[in-house]
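Understanding the architecture of this molecule
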Amino acid sequence: MFPSLLLISSLLAGPQGRGHDKGVPPGLAKKGGAPPGLAKKGGLPPGLAKKYGRLPERPYVAVDPRYHDRAWFLIEGRWELRKGFDVGLQGEIRDVLRLPAAPPPIPLPRVGVDLHVVLFN
């Protein structure tokens, strides 16, 4: 009886896990807590990079603040509209709207509202 009581008390008094002190998932602890696609400051989010296709040296994305399911991408000197984004990608679009605007290198498409243009490094 005494050994089992000792075992139970030692289990209750011992540490209850590790790696949860900082609120960072264990898999991201070595990476500074940033998700893989956003490890570089100012980098293009992974979902948008996938929609972009082949990334240019200076990727520009223009977002219509009224819609979170679409974005304009500057590809080979033309603005191309991509739409039908899933929920995860819509979250990335909302995050893009919080980033500082950049002046576009070429005129924006006329859509009846000012587009929010972001340059990613």
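The structure we're discussing is the one just above.
Let me begin by describing the structure that accompanies this report.

Analysis parameters
- Position numbers for residues start from 1 in each chain and track the written sequence from start to end.
- Only residues with pLDDT of at least 70 get local features here, since the model is predicted, and only at 80 or more are side-chain atom pairs given and counted; chain-wide, interface and lining totals rely on the full set of residues.
- Hydrogens and water are ignored here; the side-chain numbers use all heavy atoms of the structure.
- One speaks of a salt bridge when a side-chain nitrogen belonging to Lys or Arg is within 4 Å of a carboxyl oxygen belonging to Asp or Glu.
- Exposure is judged per residue with a 1.4 Å probe applied to protein chains only, and the accessible area is read against the type maximum: over 50% gives exposed, under 20% gives buried, and values in between give partly exposed.
- Secondary structure elements follow DSSP: runs of H or I no shorter than four residues count as helices, runs of E no shorter than two count as strands, and numbering proceeds from the N terminus.
- Only protein atoms enter the 1 Å grid, on which a cavity is a set of points fitting a 1.4 Å probe that cannot get out and a pocket is an open set with protein on both sides within 12 Å along at least 5 of 7 lines, lining residues being those with an atom within 4 Å of a point.
- Grid points are joined across faces, edges and corners, and a volume is the space filled by probe spheres set on the points.
- Each residue is assigned to one class: nonpolar for Ala, Val, Leu, Ile, Met, Phe, Trp, Tyr, Cys and Pro, charged for Asp, Glu, Lys and Arg, and polar for all the others, Gly among them.

**A look at the pattern of salt bridges**
Taken as a whole, this structure holds 5 salt bridges when the rule is applied. Arg78 serves as the salt-bridge partner of Glu80, at 2.8 Å between the closest nitrogen and oxygen. Overall, the relative accessible area of 52% leaves Arg78 in the exposed class. A salt bridge links Arg98 to Asp95; its shortest N-O distance comes to 2.7 Å. Of this pair, Arg98 and Asp95 are both found in helix 3 (residues 87-98), 3 residues apart, which corresponds to roughly one turn of the helix. Assessed through its relative accessible area of 64%, Arg98 is described here as exposed. Taken together, the salt bridges that share partners define one network made up of Arg78, Glu80 and Arg82.

**Notes on the layout of surface pockets**
There is about 180 Å³ of room inside the second largest pocket. Around the second largest pocket, the lining residues are Tyr52, Arg54, Leu55, Pro56, Arg58, Leu74, Ile75, Glu76 and Gly77. For the lining of the second largest pocket, a count of residues per class yields 5 nonpolar, 1 polar and 3 charged.

What is shown is where atoms sit, not what they do.
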